[in-house]
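Examining the three-dimensional arrangement
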Amino acid sequence: MLQFLIRRLTGAVVIMFLIGAFTFFLFYTVPQDFAALSCGKNCSPENLAVIRENLGLDKPISTQFWEFMSGIVAGRDFPQGHCSAPCLGVSFQSGEFVWDSVIDRFPLTLSLTVGGLVIFLILGLGSGLLAAWKRGTVVDKIVSGASIVLSSFQIYLLGPIVLGLLVYSTGIMEFPKYHNFTEEPGAWALGMLIPWVVMATIFTAQYTRMSRSTMIEQLQEEHVRTARAKGMRQSYVFFRYAWRGSLIPIVTILGMDLSALLSGAVVTEFTFDLAGIGRLAVDSSLTKDLPVTMGVMLFGAFFILLLNILVDLAYAYIDPRVRLS
């Protein structure tokens, strides 16, 4: 296990370096004067030169790249002050450190992602197992039909419909709003409930069909049939042998869907006017705020790599036959 962690962490560092290098040279080779964007319309040549010097844009690209990558590890000094590691640069528009802006919005995106993940795993796996347990019955047909219908929805379509029904028409719930979890846990959960349900609905349909099919496949395995032949209870065989084996392919697909989950969080933030990292990324792209865009991309890549490592570790817990080495 330790060797596996060391190897994966080393690989993650290499991947992060390659992503950082790719994004840096991709954006900095764009024929655009970012100092002019930061300076504004009525910008004198003197002010333009000062801004270019403060942003470090007067240096060779190789020097800028070295300062950017070394700043992530050791920090950097700017006219605004010292940027502690991990330093992702300074925003062209606001003059704030990119890392501070990202961390300030990260709790909202994390709450949205984790909450939606928990809901669609519970609903998706639960309804899929129920359909497999009641295979061929009316319950199976209803669950399977509902999953097909729900899979055709999109967040930007389902979101306004839910808002119209629960907020504008009936007033049952208030418009989604983020609250600090540590200060107001009840308001936090209530304010994020609608975005959670909307985002989870799209993924629930997929995981319902997937868990049903993998569970039915596991029920045909020899060790499951042997357990039945020994006279074990149907429910015990279902949950003790078949259910655990069916989780392996689901966890594999979940690791591949993490990027899609973050993309869904971005769309959800725009649909419900939530100021998270996704909103920050889009706004920085529209204003051509290069450091913020690069910082969000690197932070998102790190987050996905971390979650994938956790998914790999889950294999050994779910199936003891899997050995990580």
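Computed from a predicted structure; not experimentally measured.

Quick notes on the rules
Residues numbered from 1 in each chain as written. Predicted model: local features only at pLDDT ≥ 70, side-chain atom pairs only at ≥ 80, totals over all residues. Heavy atoms only, no water. Phe/Tyr/Trp six-rings, centres within 6.5 Å; stacked < 30°, edge-to-face > 60°. Lys NZ or Arg CZ within 6 Å of the ring centre and 35° of its normal. Salt bridge = Lys/Arg side-chain N within 4 Å of Asp/Glu carboxyl O. Buried < 20%, exposed > 50% of the residue type's maximum accessible area, 1.4 Å probe, protein only. Helix = DSSP H or I, 4+ residues; strand = E, 2+ residues; numbered from the N terminus. Polar contact = N/O pair within 3.5 Å; in protein donor to acceptor, adjacent residues only side chain to side chain. Contact = heavy atoms within 4.5 Å. Axes fitted to C-alpha atoms, helices over the stretch in contact; angles between N-to-C directions. Left-handed = near helix turned anticlockwise from the far one by under 90°. Nonpolar A, V, L, I, M, F, W, Y, C, P; charged D, E, K, R; others polar. Parallel < 35°, antiparallel > 145°, perpendicular 65-115°, else oblique.

As a further point, take the packing of aromatic side chains. Taken as a whole, this structure holds 12 aromatic pairs when the rule is applied. Pairing Phe-181 with Trp-188 gives two aromatic rings, centres 4.7 Å apart and planes at 75°, and the pair type is edge-to-face. The ring of Phe-270 is capped by Arg-279, whose NZ or CZ atom sits 4.6 Å from the centre of that ring.

Turning our eyes to something else, we now look at the pattern of salt bridges. Using the criterion set out here, one finds four salt bridges in the structure. The shortest N-O distance in the salt bridge between Glu-67 and Arg-76 comes to 3.4 Å. The exposure class assigned to Arg-76 is buried, which follows from its relative accessible area of 15%. Linked through salt bridges whose partners overlap, the residues forming this network are Asp-273, Arg-279 and Asp-283.

This part takes up the side chain of Thr-109. Relative to the assigned elements, Thr-109 resides in helix α5 (residues 98-133). Accessibility expressed as a relative area gives 7% for Thr-109, which makes it buried. Here Glu-269 takes part through its side chain, which lies 2.8 Å from a polar atom of the side chain of Thr-109. Non-local contacts of Thr-109, meaning those with residues more than four positions away in its chain, are made with Glu-269, Gly-276, Ile-277 and Gly-278.

As a further point, take the packing of α5 against helix α8 (residues 185-218). At a closest axis distance of 5 Å, the pairing of α5 and α8 adopts a crossing angle of 35°. Crossing of α5 against α8: the hand is right-handed. Classifying every residue of the contact of α5 with α8 gives 19 nonpolar, 10 polar and one charged.

Let us now look at the environment of Arg-240. Structurally, Arg-240 is set in helix α10 (residues 234-271). Looking at Arg-240, the relative accessible area reads 42%, which means it is partly exposed. Taking C-alpha positions, Arg-240 is 42 Å from Leu-274, a pair spaced 34 residues apart along the chain.

Let us look at the environment of Trp-188. Its place among the elements puts Trp-188 in helix α8. When the C-alpha atoms of Trp-188 and Glu-174 are compared, they prove to be 12 Å apart, with 14 residues separating the residues in sequence. In this structure Trp-188 touches Ser-111, Tyr-178, His-179, Asn-180, Phe-181 and Trp-196, once residues within four positions along its chain are discounted.

Looking now at the packing of helix α6 (residues 138-151) against α8. Close contact between α6 and α8 brings their axes to 8 Å; oriented N to C, the two are set at 140°. As judged from the angle between their axes, α6 and α8 are oblique. Between α6 and α8 lies a crossing whose hand is left-handed. In contact with Asp-140, Val-143, Ser-144, Ser-147, Ile-148, Leu-150 and Ser-151 of α6, α8 contributes Thr-201, Ile-202, Ala-205, Thr-208, Arg-209 and Arg-212. The class makeup of the residues in the contact of α6 with α8 is five nonpolar, five polar and three charged.

Distances and angles like these do not, on their own, reveal function.
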